[in-house]
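# A closer look at the structure
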Amino acid sequence: VREAEQEILAELGTTINKEYSTIDGPADLKTLTQKLVFGDDSEAVSSARVASVQALSGTGSLRVAAEFIKTHLPSEAHEIWISDPTWANHPKIFEKAGMSPQKYPYYKAETRGFDFEGMMACLKEKPKEGSIVLLHACAHNPTGVDPTEEQW
């Protein structure tokens, strides 16, 4: 262990921070992530309209998000739209938090691709005003199919 620490010290400097991070994640990480996702010149970031939190894993992150939504957002936001297909545990995560998961089409078996038209038609027509939509940012699991840059 000491040998490994010495190697890390040689790369990172003279100290290694072994302390727990803040409960919501390191401030620098959150700032850098916001800029990565929304852009360096994002008005939403500069006006403090974007909040970030670090959470353990995708499942852990969804549970934290579900609890936050259920506790702090109006009842209209308790309906959440998730892709079909998605991980089998995703609907249960939201159900356990007292939310109502609904599905939007995502994968088109005939083309083995993204069903952009089906997704957009569903999301324009079915969700109630104020509903939440969960999107996989990249590497959609379990399909591996992502929207093109133009579709985003």
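For the structure itself, consult the block above.
These notes cover the structure that comes with them. (Residues numbered from 1 in each chain as written. Predicted model: local features only at pLDDT ≥ 70, side-chain atom pairs only at ≥ 80, totals over all residues. Heavy atoms only, no water.)

Below, the discussion takes up the pairing of strand β1 (residues 79-84). Burial analysis of β1 places five of its six residues in the buried class, which makes it a mostly covered element. The pairing of β1 with strand β2 (residues 100-105) spans six bridges and is parallel. Bridge pairing in β2 links Trp81 to Gln102. Read from β1 through helix α5 (residues 89-96) to β2, the crossover connection turns out right-handed. Sheet analysis places β1 next to strand β5 (residues 132-133), joined by two bridges and oriented parallel. Residue Ile80 lies in a different strand from β5, and its bridge partner there is Ile132. (Buried < 20%, exposed > 50% of the residue type's maximum accessible area, 1.4 Å probe, protein only. Helix = DSSP H or I, 4+ residues; strand = E, 2+ residues; numbered from the N terminus. Pairing = 2+ DSSP bridges. Right-handed = clockwise from strand over helix to strand, strands pointing away.)

For the rest of this paragraph, the subject is the sheet that holds β1. With parallel pairing, three strands are arranged side by side in an open sheet as β2-β1-β5. Looking along the sheet, the strands with just one partner apiece sit at the ends: β2 and β5. Sheet contacts for helix α6 (residues 116-125): β1, β2 and β5; angle to β2, the most-contacted strand, approximately 140°. (Contact = heavy atoms within 4.5 Å. Axes fitted to C-alpha atoms, helices over the stretch in contact; angles between N-to-C directions.)

Our focus in this paragraph is the packing of aromatic side chains. Counted under the stated rule, the structure contains two aromatic pairs. A centroid spacing of 4.7 Å and a plane angle of 45° characterise the contact between Tyr106 and Phe114, whose relative ring orientation is tilted. Side by side, Tyr106 and Phe114 carry an identical accessibility label, which is buried. The rings of Tyr106, Phe114 and Phe116 are connected pair by pair, giving a single aromatic cluster. (Phe/Tyr/Trp six-rings, centres within 6.5 Å; stacked < 30°, edge-to-face > 60°.)

Moving on to the pattern of salt bridges. Counting across every chain of the model gives five salt bridges. Measuring nitrogen to oxygen at the nearest pair gives 3.7 Å for the salt bridge that ties Glu79 to Lys128. Linking Glu79 in strand β1 with Lys128 in the loop between α6 and β5, this pair joins segments that are 49 residues apart in sequence. The buried category is assigned to Glu79, whose relative accessible area is 10%. (Salt bridge = Lys/Arg side-chain N within 4 Å of Asp/Glu carboxyl O.)

So, about the packing of helix α4 (residues 57-72) against α5. Helix-helix packing is described using two parameters, namely the angle between the two axes and the distance between the axes. Contact geometry of α4 with α5 gives a least axis separation of 9 Å together with a crossing angle of 30°. Here α4 is positioned roughly parallel relative to α5, judged by the angle of their axes. Crossing of α4 against α5: the hand is right-handed. Of the residues in α5, those in contact with Thr59, Leu62, Arg63 and Ala66 of α4 are Asn89, His90, Ile93, Phe94 and Lys96. In terms of residue class, the contact of α4 with α5 is made up of four nonpolar, three polar and two charged. (Parallel < 35°, antiparallel > 145°, perpendicular 65-115°, else oblique. Left-handed = near helix turned anticlockwise from the far one by under 90°. Nonpolar A, V, L, I, M, F, W, Y, C, P; charged D, E, K, R; others polar.)

All we've got here are geometric facts, nothing functional implied.
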